[in-house]
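Report on the structure
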There are 4 protein chains.
Amino acid sequence: MAGQAEIPADVVALCDYERHAAERMPAPLRAYVDGAGADGLTAQANLAAWQAIRLQGRVLADLRGADTGLRLLGLDLPHPLILAPVAFHGLAHAEAEHATALGAAATGSLMVVSTQSGLPLEDIAARAQGPLWFQLYMQPERGDTLSLVRRAEAAGCRALVVSVDAPVNGLRNMEQRAGFRLPEGIRAVNLDGMRPPQIRSEPGRAATFLGLMDAAPRWEDIAWLKSQTRLPLLLKGIMSAHDAERAVAVGVDGVIVSNHGGRALDTLPATAEALPVVARQVAGRIPVLCDGGIRRGTDALKALALGASAVLVGRPQIHALAVGGAAGVAHMLTILRAELEVAMALTGRRDLAGIDETVLWGS
Amino acid sequence: MAGQAEIPADVVALCDYERHAAERMPAPLRAYVDGAGADGLTAQANLAAWQAIRLQGRVLADLRGADTGLRLLGLDLPHPLILAPVAFHGLAHAEAEHATALGAAATGSLMVVSTQSGLPLEDIAARAQGPLWFQLYMQPERGDTLSLVRRAEAAGCRALVVSVDAPVNGLRNMEQRAGFRLPEGIRAVNLDGMRPPQIRSEPGRAATFLGLMDAAPRWEDIAWLKSQTRLPLLLKGIMSAHDAERAVAVGVDGVIVSNHGGRALDTLPATAEALPVVARQVAGRIPVLCDGGIRRGTDALKALALGASAVLVGRPQIHALAVGGAAGVAHMLTILRAELEVAMALTGRRDLAGIDETVLWGS
Amino acid sequence: MAGQAEIPADVVALCDYERHAAERMPAPLRAYVDGAGADGLTAQANLAAWQAIRLQGRVLADLRGADTGLRLLGLDLPHPLILAPVAFHGLAHAEAEHATALGAAATGSLMVVSTQSGLPLEDIAARAQGPLWFQLYMQPERGDTLSLVRRAEAAGCRALVVSVDAPVNGLRNMEQRAGFRLPEGIRAVNLDGMRPPQIRSEPGRAATFLGLMDAAPRWEDIAWLKSQTRLPLLLKGIMSAHDAERAVAVGVDGVIVSNHGGRALDTLPATAEALPVVARQVAGRIPVLCDGGIRRGTDALKALALGASAVLVGRPQIHALAVGGAAGVAHMLTILRAELEVAMALTGRRDLAGIDETVLWGS
Amino acid sequence: MAGQAEIPADVVALCDYERHAAERMPAPLRAYVDGAGADGLTAQANLAAWQAIRLQGRVLADLRGADTGLRLLGLDLPHPLILAPVAFHGLAHAEAEHATALGAAATGSLMVVSTQSGLPLEDIAARAQGPLWFQLYMQPERGDTLSLVRRAEAAGCRALVVSVDAPVNGLRNMEQRAGFRLPEGIRAVNLDGMRPPQIRSEPGRAATFLGLMDAAPRWEDIAWLKSQTRLPLLLKGIMSAHDAERAVAVGVDGVIVSNHGGRALDTLPATAEALPVVARQVAGRIPVLCDGGIRRGTDALKALALGASAVLVGRPQIHALAVGGAAGVAHMLTILRAELEVAMALTGRRDLAGIDETVLWGS
């Protein structure tokens, strides 16, 4: 595993990890990691939207004893920065998800393990020194889904995050153009032996309406899933008040505002735009989390001000992993937390509970 | 005719066809095909406006048995993607309009043959395996116009699309600068023997107000034309509620919101802006179609959400034709349909009837 | 004088003249001609504002016998395109103002001769075959001003255009950086022998508040001037409703909305923004004209729709003069008129009287 | 000290000093001087916001005897352009703060000496020929703060400017990436012997919430400070109505709207946006000043129109110092004053009292 000493001296922000990772990754891999759906408009919008939100500076506030801790679905966390589920960490580093989990634990960060991890979820959990959540892609067969749930429970995962925004893949044109393919030896091992959706064949037609959507999860499947586990259940990919309300109604324990990092449907709005809509609808009944384009402590602060309990970062963990392994992931999270503290200090907020809309300019 | 094998592997979206076509076409031809009126602001606006409209993602909807079919002016179509009338396909491919028609038929796509086709409309129709509409430029002499109508009827065209937005050519500065001229052997054969408008000569004056507009069609000519044929009649180039209302009043069967791909009057608004204005005025009395800048399935979905029954694509068919002939056209349409299905799936719509304004963010 | 044959074949719009002129003029001269005040923001805004206004296309209107003529302050003009006053045409062409006047006459265009013409106004007028107005900079001494007025009257000028927006020069940083100086033999000959303003000297201070503004014209001077001549009097440089009202009150015969082509005070709004404000205030009591960034027939149409009776073009005449002499100026004006006719045709307007706000999208 | 002769001939505006300084300064120093916090969005916004505000031109006003003088906190100043506190002038010029003070005095400009001056404040004051204010960073120990105050009083400073917007450093990523370090021999000599804040050590944690904010000044410290000195006290870094009201309540004599030139918290709004909010709240009870992105006389005029009594310029003094020493600073201030006069002349304002919101377009 790469040591701290290998992190270049000019890495002082998350964008520096992205720059260095871009130099180290072959073009097809870069297209996979940094690419997005179709024309990448939503991925760009995610970044731009946080930047466009402005903060209300405040001076001379009493910040003695200030702190970033929170309690979230039964976990006490020192800060609200979570590692989003990302497939195949082995693409970026030989130690794969183990390295990421080590970096997370070193900084007290919660990590969400992907269904599409390259290592078996049990292996990741066995070596992890910090808390894990498990991200679940529901399978065409309920038995397969249930098997994944039972394995996550047995491995000690603390919650299930069901991704609901990608029943079909987005148009991954960037990685298609670059000719990206998973290398030998990297595959979604957690899904070994599971039945894929049955697609009808028709010339000049895509799979979407020829079977794929017939096998896609529906609200009734979420209700069933909720009945099958005592783990907290979060839905990831909620972008509307309508779906947020249904999520509450079906009894899930949290929602994550996400557009899949712009990798699913292009021209969805930025999550910074959807977050306040969802948070207003949920109105505190369950926690609302958010990902998509979080690259600065100020971004995180803005998400909290718009109603998020915590935020998740995706691509930056792969960038940091590629550049510095576990040490890189830890450093990346340290930077982000340090930035969040500066942002809280200069807007006069002593804890997360004190972060509300008045943090934002024009509120 | 170019086979499927010749389509480059990195063609995964319509913009890829544009890129490859640009490499294959000489600069003057490129200026003709991809150029636009004056400074090209409207052509750019067409593209940008679709991109700027954002979608409302929806999750976990029941999409079993979803489908893109529609019934339009007596035709049953498997999808709402139509090939717009475009002049002189022979500029892009030796098989000219025959190749386009073959690609259209292979994907169940309706094609609109241009008055300015390089092949006689009868020849195109004779070999076409799918339905055709005929685009009509009204001529200074009613007898000439009627002759075109009768020929289209005899050839089996299923509707007439009268272009009303270009009584004078736009300022085609880009092709003028590049020195584009039609090559030997390509001309508007359908118009052979017809009388051009009579222009008065005056030094330092253009033809517009010296005869051209005297010969241009007026609303009364549309009424006359409607009385002369039993084919459905559509007006192409409607950009205002005022003209939409007159179109309904004069009894036409459909209107197409179009700014001629930005090739006519520069600084007209994007069709994405005019479409809802026209659709609101027409209020379902006749079908409203739309073209201009449709390059993605999401663009098509947005047009449908704004009131269009179907959309037309222009330049992309020439790009695809130049790159892959009939196979290219078929592939281009397959991509677009596949993208539309993904967009419907990720906004939770099972058929065209279910596509309304709630597909759009902020509705 | 350059003949028609010398105009490059790829000159098809006014921007082409600008491009070719830029290649022919030495950098300092270019900085003088195309430069603007300070950071050039207003000069850019002039161009961008016309482009940003969108037109409402209209189809199938009856345009038989359409025409662009107008009557303006006693003159019958075939079109509303006027040559704005510009200093020192000799910088661009050996025939100087004579060539410009010839190009104007060949196209029936009104020309406004500058106080700062390089040729004596009497010489220009003697050879001019079309109507002239005279642009007047008021002088510190009323006697000097009166002398200019009497000379313009005697030379047959048909109106006086008093520039009121530049009592001090704008910050011509671009030409200052480029080191522009008037070449030997070019000077404001019309002002020979006139008394300049008296400036007090103080270290580290500019002239503005040390005498220059003490000598600048005031409203009472306009009233006096109006009493001294029977020629129609226009004020050039009106950008506010306040000053427009005072102009009407003091009895002038017309106002020209102008920001001196962005050469005076930077960050003034575009004239396209000030025009409707001024026109609304004037409410038809006197003609309102407009210049600043008119480069297309659509720009002219928009100005007319916003309340202008006619428009003036400045820099393009110098570009055309540099490239093609009198023939260039005539060609440039022919292009602009032809574009205006196309724009009228495609918005369904048969004459200037029919051009109102409904020409504009969103009206 | 560099003489006037050394100023390059193409320096005609403040941006020219920036350009030339960039060529003369090594990259790390440039990153320090011209860099900003995090992604530099606020620094850019400062510049862009002044540019985006447009002016209402006015003509033919009576400006005889016009003047830019003002009275501010007991000082009669010939113009409202003040040198903002900037650290370590010795980085740009061997004569350091002495040179700046000489340039200020030559143009009648007030200078604010920084706590972080490289020369002892007493030395600067002893040689200064014009009025000085002292910028104060409050220290963890009140005794240390008081010592600075007494020294400023003894040195004859005419007011204290307490910076309250940077209890922690912003994320100076640009200078971090460039590896900037203070050279040997340059340090904050005024702080020699003072006690730094006590930081607790914790792995993977930043200092912000581990002691730094515990030592930061609070409103009660301002009240205490006010009670300790008879000098006028200004708070620098006020960006909200809330803090402006508290500043008035605590009895300070003025506030400076500032975001530390974008060097503290990134994505704070531009000062041009915060200024009217603060000025409206203060409502004339105490003077409001403003800095951040002032580069043109028009910028200064706009700030005055939005409620500022005077404006401060920061980085331009370092640029001018690097290029021309004291003469450069004087020249820079002369340019800015000359530009302000032109802007007043062309908006028809004879003195600062006459500058109100009607200077702004759209008011």
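Residues numbered from 1 in each chain as written. Chains lettered and ligands numbered in written order. Predicted model: local features only at pLDDT ≥ 70, side-chain atom pairs only at ≥ 80, totals over all residues. Heavy atoms only, no water.

Applied cut-off: UniProt positions are given in the numbering used here, feature names are shortened, and annotations may be inferred rather than shown by experiment.
If you check an unreviewed UniProt entry, chain A appears there as 4-hydroxymandelate oxidase from Paracoccus versutus. Reading the Cofactor (unreviewed entry) entry of the UniProt record for chain A gives the comment "FMN". Looking at chain A in UniProt, the text filed under Sequence similarities (unreviewed entry) is "Belongs to the FMN-dependent alpha-hydroxy acid dehydrogenase family."

1. Topic: the interface of chain A and chain D
Just so we agree on the cut-off: Whether two residues are in contact is decided by their heavy atoms, any of which lying within 4.5 Å being enough. Once two parts are brought into contact, the accessible area they lose, counted with a 1.4 Å probe and summed over both, makes up the buried area. We count a salt bridge whenever a side-chain nitrogen from Lys or Arg sits within 4 Å of a carboxyl oxygen from Asp or Glu. For the purposes of these results, a polar contact is taken to be a pair of N or O atoms within 3.5 Å, where, inside protein, one atom must be able to donate a hydrogen and its partner to accept one; residues adjacent in sequence count only when each atom of the pair is a side-chain atom. Comment: elements are numbered from the N terminus, with helices defined as DSSP H or I runs of at least four residues and strands as E runs of at least two.
At the interface, 39 residues of chain A touch 40 residues of chain D. Here chain A meets chain D over a buried area of about 3,300 Å², counting both sides, of which 62% is carbon and sulfur. The largest contributions to the chain A side of the interface with chain D come from V59(A), L60(A) and L346(A), which together make up 23% of the buried area. In this structure, R205(D) engages E341(A) in a salt bridge whose closest nitrogen and oxygen atoms are separated by 3.3 Å. Viewed at the interface, chain D and chain A are joined by 13 residue pairs in polar contact (both at pLDDT 80 or more). For the side of chain A that touches chain D, the elements supplying multiple residues, two or more each, are α1 (14-24), α12 (297-305) and α13 (315-346) of chain A. At 10 residues, the largest contribution of residues to the side of chain A that touches chain D is made by α13(A).

2. A short note on the packing of aromatic side chains
Residues and elements named next belong to chain A. For clarity, the cut-off: Aromatic pairs are defined between Phe, Tyr and Trp rings, using the six-membered ring for Trp, whenever the two ring centres lie within 6.5 Å; interplanar angles under 30 degrees are classed as stacked, those over 60 as edge-to-face, and all others as tilted. Only protein chains enter the accessibility calculation, which uses a 1.4 Å probe; a residue whose area is less than 20% of its type maximum is buried, one above 50% is exposed, and one in between is partly exposed.
Under the definition given, this model contains 4 aromatic pairs over all chains. Taking 4.4 Å as the distance between ring centres and 15° as the angle between the ring planes, the aromatic pair formed by Y32 and F180 counts as stacked. Here Y32, found in helix α2 (residues 27-34), pairs with F180, found in the loop between α7 (173-178) and α8 (208-212); they are 148 residues apart in sequence, far enough to count as distant. On the basis of relative accessible area, Y32 is assigned to the buried category, the value being 14%.

3. A word on the arrangement of the chains
With respect to C-alpha atoms, chain A approaches chain C no nearer than 23 Å, and the pair has no contact. Chain B shows no contact with chain D. Their nearest C-alpha atoms sit 23 Å apart.

4. A few points about the pairing of strand β9 (residues 288-291) of chain C
All names here are of chain C. Selection rule: Pairing between strands is defined by DSSP: at least two bridges between them are needed. Handedness of a crossover is defined as follows: with both strands directed away from the viewer, a clockwise route from the first strand across the helix to the second makes it right-handed.
Of the two faces of β9, both are covered, the one formed by V288 and C290 as well as the one formed by L289 and D291. Both strand β8 (residues 254-257) and β9 contribute to a ladder of 3 bridges, which runs parallel. When the bridges of β9 are listed, I256 appears paired with L289. Chirality of the crossover, the property in question, places the unit of β8, helix α11 (residues 271-282) and β9 among those that are right-handed. When β9 meets strand β10 (residues 310-313), the two strands line up parallel, connected through 3 bridges. From the neighbouring strand, L289 faces β10, where its bridge partner is A310. Considered for its hand, the β-α-β crossover made up of β9, helix α12 (residues 297-305) and β10 is right-handed.

5. Things to note about helix α10 (residues 241-250) of chain B
Given 3.6 residues to a turn, an α-helix orients residues that are three or four positions apart in the same direction. Residue and element names in this part refer to chain B. Stated formally: The directions considered for the arc run from the helix axis to the C-beta atoms.
Listed in full, the buried residues belonging to α10 are D243, A244, A247 and V248. Along the axis of α10, the buried positions cluster into a sector of 140°, meaning they face one direction only. Buried residues in α10 make contact with α9 (219-228), β7 (233-238), β8 (254-257) and α11 (271-282). Of the residues one or two after α10, G251 is the one with positive phi, at around 95°.

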